[in-house]
Amino acid sequence: MGVLALGVFIAVTVIVNVVLKRRISEALVLALIACSLVGGADALNLLSAAVVAGFQSDVTFAGMAFVFMGVIVSATGLIERLIHILNSMFGRVRGGSAYVSTLGSAAIGLVAGSTAGNTATVGSVTIPWMKENGWSSNRAATLVAGNSGLGVALPPNSTMFILLAMPAAAGISAGDVYVALAIGGAYCVLYRMILVFTWARADGIPVANREGMATLGQALREGWRSLLIFLGIAIPVALTFGPLFEFLSRPELVGKDSMGSISIIVWVPILISAIALIEGRKRIFAPDSKFKVILNRELPQFATVGVSLFAALSASNIMEALGVGPQLSDFLGSLDMPKAAIVAIVCVMAVVVATPLSSTATAAAVGAPAVMALTSVGIDPVIAVVTVLLCTSTEGSSPPVGAPIYLAAGFAETNPTKMFMPLLGYFVLPMIVIAWLVGMGWLPIPIS
C-alpha cells in the first residue's frame, strides 16, 4: 500500500502542477488527500494523524523563516555588495564574469533555496555582463540555469527541512546535515569553477577591460559589512558542531543537554535576517527605498512555502504509515545488487522525479524511501540525506521543464532548446556522478 500511495502522490502532483499548471502548493494539498485515500477505510485516521504531525513540526516554521531571510537579504541589497566584492577579486581574470556569476549563485544558495529566485537574481545582473565580456548568449544562459541548483545543493533549503522531518531521518542532527551539505555543495561549486575555467579557454574568452573596475581594497571599504552575513552561518554552526560545541558541552561549562537544544535551522535565519537589517538599515529607510515593494511582492511566498511544506510532510507521514520505506527497501534488497548499483539507482530515480517536479515535491515523494534504500546498504543516514539533496538539486537545470532554463534564456535572449543538451551534459549528469561519489564515500564528508 505504501508504494501505491507513493505512486498516487507523484501522479497527482505531476498532473495538477505540470499538466493543469496549478501552483505547487495546490498540487501537494490535493496529492496529500489522494494519498490518504489509498488507506481505504482508515483514510480519515491517516489524514488526521498526518495533519497533526505536520502542524507540530518545527520544520514548517524554519522553512518560512528562511523565506523571510531571503526577502530581507534581497531587499537590503546585501547580495549586490557581495557580488561587487567578488567582481573585484575575479573580474580581472579570463572569464571573470562567469566566476562571479557562479560564486554569486553559491552566495545566494547559502541564504535562499529557490532555484528560480537564484536564476532571476544572478541572471539579471551577470548574463548581460558575461555577454559584454565575450561569452555567447547560449553559454551564459546555460551557466546561470545550471548554477541555479546551488540553491538546493547548499544549505539551507526547504527540501532539506522536509527530509529532516521525515521518520526516515529520525535521530539525525540538523547541524550535522547542515555542515555535511555545505561540504557536499562545496564540491558542486568547485566543479562549476573548473567548468568555467575550461569553457573560458575553449571559447577564447578575453581578459575583461579593467578600466573603471574597483580594486579589492576599494570594494571591501565600500561593502565589507556585507561579509558579516557569514557570521549568521558560522556562529550557529560553531555552536552545534565541532570543537567549540565539544568544549562548551563539558559538564562544568554549559553542558551537553543545553548545547544540544540549540537549533541551527532556527538560529541561522534569525541571525542572518538581523545582520541584513542592521547592515542595510540606511537602504531600507532611504527615500527611494524599494523595501516595502519587494516585501509585498514576496509575501505570497510565505503562504506557498508554508502550505507546501505542511502538505509534503503530512503526505510523507501517510506513506510512512503505509510502509513505503520498508517496501521499497525490501524491493531493492531483493535485487541482490552491489552497493554501487543501489546508490546509482537511487541517484537516477531522484533526478528523474525532480525533472517534472520541484526539489520540494521530489523530497516529499521519494525522499524517505530513497534515504532508507541508501541506509539499507550501510550508508550513514547523514550522507544518505546529502546524496538525495545533491540529486534533487538538478530540478532547475533538467530540461524541458526547469523554470530557470526559461528565465535564463529570456535574460540572454536565446533559444532555450539549444540549452537542453549542454545542461544535461555539463550539469545534470555530473551532479549524478558527484552525488554517487558522495554516497559511496569517495568524496569524503566528515560527520560526527
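Residues numbered from 1 in each chain as written. Predicted model: local features only at pLDDT ≥ 70, side-chain atom pairs only at ≥ 80, totals over all residues. Heavy atoms only, no water.

For the protein chain, an unreviewed UniProt entry supplies the name C4-dicarboxylate ABC transporter substrate-binding protein and the organism Glutamicibacter nicotianae. Under the heading Subcellular location (unreviewed entry), UniProt records this for the protein chain: "Cell inner membrane". (UniProt positions renumbered as here; feature names shortened; annotations may be inferred.)

Caption draft 1: Fine view of the overall build of the protein chain. Along its length, the protein chain carries 24 helices and 0 strands. Counting over 448 residues, the protein chain shows a buried share of 55%. Within the protein chain, residue pairs in contact and separated by at least 24 positions form 80% of the contacts whose partners lie at least 6 positions apart. If you sum the accessible surface of the protein chain, you get close to 18,300 Å²; carbon and sulfur atoms cover 67% of it. (Helix = DSSP H or I, 4+ residues; strand = E, 2+ residues; numbered from the N terminus. Buried < 20%, exposed > 50% of the residue type's maximum accessible area, 1.4 Å probe, protein only. Contact = heavy atoms within 4.5 Å. Areas by Shrake-Rupley, 256 points an atom, 1.4 Å probe, with all protein chains shown as cover.)

Caption draft 2: Representation of the packing of aromatic side chains in the model. Applying the stated criterion across every chain, the model contains 3 aromatic pairs. Aromatic pair Trp199 and Tyr426: ring centres 5.1 Å apart, planes at 90°, arrangement edge-to-face. Linking Trp199 in helix H11 (residues 174-202) with Tyr426 in helix H24 (residues 420-440), this pair joins segments that are 227 residues apart in sequence. Given the relative accessible area of 3%, Trp199 is considered buried. Residue classification places Tyr426 among the partly exposed positions, given a relative accessible area of 32%. Within the aromatic cluster, the residues linked to one another by ring pairs are Trp199, Tyr426 and Phe427. When the ring centre of Trp199 is taken as origin, the NZ or CZ atom of Arg139, which lies over that ring, is 4.3 Å away. (Phe/Tyr/Trp six-rings, centres within 6.5 Å; stacked < 30°, edge-to-face > 60°. Lys NZ or Arg CZ within 6 Å of the ring centre and 35° of its normal.)

Caption draft 3: Molecular detail of the pattern of salt bridges. Under the criterion given, the structure shown has 2 salt bridges. Note that Arg22 is salt-bridged to Glu26, the shortest N-O span being 2.9 Å. In this structure, Asp203 and Arg139 form a salt bridge, with 2.9 Å as the shortest nitrogen-oxygen distance. On the criterion of sequence distance, the pair formed by Asp203 in the loop between H11 and helix H12 (216-223) and Arg139 in helix H8 (residues 137-147) is long-range, its members being 64 residues apart. Given a relative accessible area of 31%, Asp203 falls into the partly exposed group. Using a relative accessible area of 18% as the deciding quantity, one classes Arg139 as buried. (Salt bridge = Lys/Arg side-chain N within 4 Å of Asp/Glu carboxyl O.)

Caption draft 4: Just the environment of Ile379, in detail. Examined against the element boundaries, Ile379 turns out to sit in the loop between helix H21 (359-375) and helix H22 (381-392). Between the alpha carbons of Ile379 and Gly439 there is a distance of 7.0 Å; along the sequence they are 60 residues apart. Those residues in contact with Ile379 that lie beyond four places of it in its chain are Lys339, Val343, Leu374, Ala384 and Gly439.

Caption draft 5: The arrangement of the nonpolar core in detail. Core analysis: the biggest nonpolar cluster contains 91 residues, and Trp135, Met160, Leu163, Leu390 and Met419 have the highest contact counts within it. In terms of residue count, H11 provides more of this core than any other element does, 12 residues in total. Those residues in contact with Leu163 that sit more than four places away from it in its chain are Ala169, Ala363, Gly367, Val371, Val385, Val388 and Leu389. Counting 25 residues, the second largest nonpolar core, distinct from the first, contains Ala50, Met319, Leu322 and Ala364. (Core = buried A, V, L, I, M, F, W, Y, C linked by side-chain atoms within 4.5 Å.)

Caption draft 6: Fine view of a nonpolar patch on the surface. Taken together, the side chains of Met89, Leu216, Leu220, Trp224, Leu227, Leu228, Phe230, Leu231 and Ile235 present a nonpolar region at the surface, about 740 Å² in accessible area. Tracing the backbone through its elements, the reader meets Ile235 in helix H13 (residues 231-240). Its relative accessible area of 40% is what places Ile235 among the partly exposed residues. (Patch = residues over 30% accessible without salt bridge, like charges linked within 9 Å, V, L, I, M, F, W, Y side chains within 5 Å.)

Caption draft 7: Summary view of the state of the cysteines. All told, the structure shown has 0 disulfides when counted by the stated rule. Between Cys188, a free cysteine, and Cys391, which holds the nearest cysteine sulfur, the sulfur-to-sulfur gap is 9.7 Å. Taking the relative accessible area as the measure of exposure, Cys188 reaches 0% and is therefore buried. (Disulfide = S-S within 2.5 Å.)

Caption draft 8: Structural detail: the packing of H8 against H11. Direction vectors running N to C along H8 and H11 enclose 175°, while the axes themselves pass 12 Å from each other. Here H8 lies roughly antiparallel to H11, going by the angle between them. Facing Arg139, Thr142, Leu143, Gly146 and Asn147 of H8, the residues of H11 in contact are Arg192, Val196 and Trp199. Looking at the contact of H8 with H11, its residues break down into 3 nonpolar, 3 polar and 2 charged. (Axes fitted to C-alpha atoms, helices over the stretch in contact; angles between N-to-C directions. Parallel < 35°, antiparallel > 145°, perpendicular 65-115°, else oblique. Nonpolar A, V, L, I, M, F, W, Y, C, P; charged D, E, K, R; others polar.)

Caption draft 9: Molecular detail of the packing of helix H20 (residues 339-354) against H24. Packing of H20 against H24 brings their axes to within 9 Å, and their N-to-C directions diverge by 140°. The pairing of H20 with H24 is recorded here as oblique in orientation. In this structure, H20 meets H24 at a crossing whose hand is right-handed. Residue-level contacts link Lys339, Ala340, Val343, Ala344, Cys347, Val348 and Val351 of H20 to Val428, Ile432, Ala435, Trp436, Gly439 and Met440 of H24. Class assignment for the residues of the contact of H20 with H24 results in 11 nonpolar, 1 polar and 1 charged. (Left-handed = near helix turned anticlockwise from the far one by under 90°.)

Caption draft 10: How the structure looks around the environment of Ala409. If you trace the backbone, Ala409 turns up in helix H23 (residues 403-412). Considered as a pair, Ala409 and Val144 are 265 residues apart in the sequence and their alpha carbons are 9.3 Å apart. The contact partners of Ala409, leaving out residues within four places of it in the chain, are Ala141, Thr414, Pro416 and Met419.

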